[in-house]
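Given next are the chains, with one letter for each unit.
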Amino acid sequence: MKTLQCRTAVLTGAASGFGLELARRCAGLGMKIVMADVQQDALDRAAAEVAALGQASGAEVLAFRLDVSKADQVEALGAATLERFGAPHLVFNNAGVGAGGLIWEHTLADWQWVIGVNLMGVAHGVRVFTPMMLAAAKADPDWEGHIVNTASMAGLLNAPNMGVYNVTKHAVVSLSETLYQDLSLVTSQVGASVLCPYFVPTGIHQSDRNRPADLPAAPPTQSQLIGKAMGDKAVTSGKVSAAEVAQKVVDAVLAGQFYIYSHPQAVGLVGTRLEDVLQGRNPTDPFKDRPDLGDKLRAALRGG
């Protein structure tokens, strides 16, 4: 895209983390911003802040409470966006939740919750907003749009004790790569990117605060307790901020860049995984450079 100035953006997971930081940047650009989130009180605070930030630039904010796992609610978000601002130029399918533990210990409710938000939330966003963006592009040869889906480095790697999360994030990478290719078949006016952050302080480690009552968590297993503790430490100690990642998203959209990394140095780990695939060798030990961590995790899980 040539510019985001005074254009329209739809952001899910907009009350915190990457979504809120991108909303702040959109406000500075005088954009019309649809901020969607499942947590009403956090959404109200975030929308008020972003609206205040955007007063000087003429930005407008529409706050919309929704659960992205619900198809009808994302469809309602699309209708509200179209009625208020028209087709969005930027769609950030960003809402996500985290979950750890050994893959066979996830309950059916765990799978339904994490897949519903992390994967189906993105799928619903793509399904609802892509057609209206394509229609806008068809009606105006100068119209431009871009879709950014939030995956994770866990969508390019398979860290142990993070099963359901890995599965959903790999699916989002696949969905996004396919979206990029499919869009290229039909238009040059709408692009796509996938955001693959590593450990960034965003609040995702506190996802349970918004877990729906109809998909309750079971008492945590030992592996899930360990996964929660490791995830909390990794996320909260991240050195790259959500604000820095949001700026990377803006830069990537303007540059037409598909893969967006918060920690480019971590891509070397992806190279190792791909070498495993290409050479047909067994997956490399993720703790080969820190065997002490691997030994500690194995001992904890085996009761040693």
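Counting restarts for each chain: residues are numbered from 1 in the order of the written sequence. The predicted nature of this model means local features are confined to residues of pLDDT at least 70 and side-chain atom pairs, given and counted, to a pLDDT of 80 or more, with totals for whole chains, interfaces and linings taken over all residues. Excluding hydrogens and water, the side-chain figures rest on all heavy atoms present in the structure.

Okay, the layout of surface pockets next. Size it by volume and the second largest pocket reaches roughly 240 Å³. Ten residue types, Ala, Val, Leu, Ile, Met, Phe, Trp, Tyr, Cys and Pro, are classed as nonpolar, four, Asp, Glu, Lys and Arg, as charged, and the remainder, Gly among them, as polar. In the lining of the second largest pocket, the residues fall into seven nonpolar, eight polar and three charged. Using only the protein atoms, space was sampled on a 1 Å grid; points where a 1.4 Å probe fits but cannot get out form cavities, open sets with protein on both sides within 12 Å along at least five of seven lines form pockets, and lining residues are those with an atom within 4 Å of a point. Grid points are joined across faces, edges and corners, and a volume is the space filled by probe spheres set on the points.

Within a regular strand, side chains alternate between the sheet's two faces. Burial classification: accessible surface area is computed with a 1.4 Å probe over protein chains only, and a residue below 20% of its type maximum counts as buried, one above 50% as exposed, and the rest as partly exposed. Elements are defined by DSSP. Helices are runs of H or I of four residues or more, strands are runs of E of two residues or more, and each kind is numbered from the N terminus. Burial of strand 2 (residues 32-37) is extensive: five of the six residues sit out of reach of the surface. A pair of strands counts as paired when DSSP detects no fewer than two bridges linking them. Here five bridges tie strand 1 (residues 8-12) to strand 2, and the two strands are oriented parallel to one another. Across the sheet, A9 pairs through a bridge with I33, a residue of strand 2. Handedness is read with the strands pointing away from the viewer; a crossover is right-handed when the path from the first strand over the helix to the second is clockwise. Traced from strand 1 through helix 1 (residues 17-28) to strand 2, the parallel crossover comes out right-handed. As paired strands, strand 2 and strand 3 (residues 60-65) are joined by six bridges and run parallel to one another.

Below, the discussion takes up the pairing of strand 4 (residues 90-93). Judged by which residues are buried, strand 4 turns out to be covered on both faces: L90 and F92 on one side and V91 and N93 on the other are all buried. Taking the sense of rotation as the criterion, the β-α-β connection linking strand 4, helix 4 (residues 108-139) and strand 5 (residues 145-150) turns out right-handed.

Next up on the list: empty space enclosed by the protein. In total, this model carries one cavity of 30 Å³ or more according to the counting rule given. Put simply, the largest cavity is a space of about 40 Å³. Forming the walls of the largest cavity are T12, L66, V68, V74, L77, N93, G121, G125 and F129. Broken down by secondary-structure element, the contributors of at least two residues to the lining of the largest cavity are helix 3 (71-85) and helix 4. When residues of the lining of the largest cavity are assigned to their parent elements, the largest contribution, three residues, is made by helix 4. Taken together, the residues of the lining of the largest cavity sort by class into five nonpolar, four polar and no charged.

In the Ramachandran plot, C6 falls in the positive-phi region, its phi being about 60° despite a non-glycine side chain. Here C6 lies in the segment before strand 1. The partly exposed category is assigned to C6, whose relative accessible area is 46%. The backbone of N161 shows a phi angle near 65°, a positive value even though the residue is not glycine.

Attention now goes to the packing of aromatic side chains. In this scheme Phe, Tyr and Trp rings, the latter by its six-membered ring, pair at centre separations within 6.5 Å, and the angle between planes marks the pair as stacked below 30 degrees, edge-to-face above 60, and tilted otherwise. All told, the structure shown has four aromatic pairs when counted by the stated rule. Both rings, one in F258 and one in Y259, keep their centres 4.6 Å apart while their planes meet at 85°; by these two values the pair is edge-to-face. F258 gets classed as buried once you look at its relative accessible area, which sits at 11%. Relative to Y261, the ring of Y259 lies with its centre 6.3 Å away and its plane at 5°, an arrangement referred to as stacked.

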